[in-house]
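Here's the letter readout for the chains.
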Amino acid sequence: MMLIPTHHFRNIERKPEYLQPEKCVPPPYPGPVGTMWFIRDGCGIACAIVTWFLVLYAEFVVLFVMLIPSRDYVYSIINGIVFNLLAFLALASHCRAMLTDPVRICTEMAFTLLGRGVSFPQKLNKPGAVPKGNATKEFIESLQLKPGQVVYKCPKCCSIKPDRAHHCSVCKRCIRKMDHHCPWVNNCVGENNQKYFVLFTMYIALISLHALIMVGFHFLHCFEEDWTKCSSFSPPTTVILLILLCFEGLLFLIFTSVMFGTQVHSICTDETGIEQLKKEERRWAKKTKWMNMKAVFGHPFSLGWASPFATPDQGKADPYQYVV
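As the structure is a computational prediction, the values presented were derived from the model and not from experiment.

K.L.:
Looking at this model, I keep getting lost on the packing of aromatic side chains. Mind explaining?
P.N.:
Describing an aromatic ring pair means giving the distance of the ring centres and the angle of the ring planes. One pass over the full model with this rule turns up nine aromatic pairs. Seen in terms of ring centroids, F60 and F64 are 5.5 Å apart; in terms of plane orientation they differ by 35 degrees. Their pairing is tilted. One end of the pair, F60, and the other, F64, are both in helix α3 (residues 42-67), four residues apart, so they sit about a helical turn from each other. Residue class for F64 comes out partly exposed when judged on its relative accessible area of 41%. Centre to centre, the rings of W184 and F252 are 6.4 Å apart; their planes meet at 80 degrees, and the pair counts as edge-to-face. With a gap of 68 residues between them, W184 in the loop between β10 (180-182) and β11 (187-189) and F252 in helix α7 (residues 235-269) connect regions that are remote in the sequence.

Quick look at the structure:
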């Protein structure tokens, strides 16, 4: 069947005069292969530092205000191990989400066959964001496009643009399957780091819930006992630290739980936040929710789904199937 363009921008991008390859100049110093991905954005870096500070603050209060002064050593050891493990996994997930290129596969020869879906030559696929400034006249001529084949060009980063790619003004690149740009991880959430972002929200929600439960028990213990004996700090300082932790835990429990739910829904429906917001017409093959989950977290199902250190193995999944 013949596919209908989803956006007015797509119609414009098909016009030869819009492509203007002579105005595209490749970057003079392209980054070497294997260079660590890091977005140099002041706001994002500040938010990432604040995230680590808040987690470390929670660590401080949990350990030095509630657990270490406790006389119940079994309670302190068990809760200390659980909380520190969850906090470690949360920070590890944060690092992976921040330092991972959000695009799993892109191509320097991304083109669309009108009415026949998308084709990406396997030998030219390589990891990384959509190459910046590759929509040059020489490069387009080297594609040797046949009649009916059309390339998309991003006017902002001057790149040949695959389908389901959107330009991020912060990353200054086109990101395939971009869900949104999250300042808390100082990166876009895309197909290659969505797993780590989901794990980050999940583990932050868990440590927030765990901290709130421990704060509740600690308040009950201090009301029943002498306040001077339930903490190594003075009673006013103890109360202030616990109230701040309670406020932080409640705020982030709500925020990360909502983000976790929206991300899981986005994965199951195979529709990014931007695609939902713009109500883009679905042009890719519909798969089951379980297949969509495995496309993000890896094939097959394993404990590696919960590990930020396990890189998803896509197996035989084809995330680039389009309706034809």
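K.L.:
Quick question: what am I supposed to make of the nonpolar core here?
P.N.:
Note that soluble globular proteins tend to have their nonpolar side chains buried in a common cluster. One finds V61, V62, M66, F83, I204, L242 and L245 to be the most contacted residues of the largest nonpolar core, which totals 35 residues. Those elements giving two or more residues to this core turn out to be α3, α4 (73-99), α6 (194-224) and α7. Excluding residues within four positions of it along the chain, V62 makes contact with L67, F83, M214 and L245. With nine residues, the next largest nonpolar core counts I39, V103, I175 and C188 among its residues.

K.L.:
Can you walk me through the confidence of the model for the protein in this structure?
P.N.:
A low pLDDT means the predicted coordinates there should not be read in detail. Overall, the prediction assigns the protein a mean pLDDT of 79, with 76% of residues at 70 or greater. In the predicted structure, residues 1-18 sits below a pLDDT of 50 and forms 33 contacts with residues beyond four places in sequence or in another chain. The model gives residues 27-31 a pLDDT under 50, and that stretch makes two contacts with residues more than four places away or in other chains.

K.L.:
Which parts of the structure should I look at to understand the packing of α3 against α6?
P.N.:
Any two packed helices are characterised by how steeply their axes cross, that is the angle between the axes, and by the distance between the axes. Where α3 meets α6, the axes come as close as 11 Å, and the angle between the chain directions of the two elements is 30 degrees. The angle between the axes of α3 and α6 places the two elements in the roughly parallel class. Judged by the sense of rotation from one axis to the other, the crossing of α3 with α6 is left-handed. Contacts between α3 and α6 involve T51, V55, V62, V65, M66 and L67 from the former and F200, I204, M214, V215 and H218 from the latter. Each residue belonging to the contact of α3 with α6 can be placed in one class, and the counts come to nine nonpolar, two polar and no charged.

K.L.:
Would you take a moment to explain the pairing of strand β8 (residues 165-168) for this structure?
P.N.:
Consecutive residues of a regular strand have side chains that alternate between opposite faces of the sheet. Taken together, the four bridges between β8 and strand β9 (residues 173-176) define a ladder with antiparallel strand orientation. Bridge pairing links H167 to C174 in β9. What sits between the antiparallel neighbours β8 and β9 is a turn of four residues, in which K172 has the positive phi angle 60 degrees.

Parameters and conventions
- Residues numbered from 1 in each chain as written.
- Predicted model: local features only at pLDDT ≥ 70, side-chain atom pairs only at ≥ 80, totals over all residues.
- Heavy atoms only, no water.
- Phe/Tyr/Trp six-rings, centres within 6.5 Å; stacked < 30°, edge-to-face > 60°.
- Helix = DSSP H or I, 4+ residues; strand = E, 2+ residues; numbered from the N terminus.
- Buried < 20%, exposed > 50% of the residue type's maximum accessible area, 1.4 Å probe, protein only.
- Core = buried A, V, L, I, M, F, W, Y, C linked by side-chain atoms within 4.5 Å.
- Contact = heavy atoms within 4.5 Å.
- pLDDT = per-residue confidence, 0-100.
- Axes fitted to C-alpha atoms, helices over the stretch in contact; angles between N-to-C directions.
- Parallel < 35°, antiparallel > 145°, perpendicular 65-115°, else oblique.
- Left-handed = near helix turned anticlockwise from the far one by under 90°.
- Nonpolar A, V, L, I, M, F, W, Y, C, P; charged D, E, K, R; others polar.
- Pairing = 2+ DSSP bridges.

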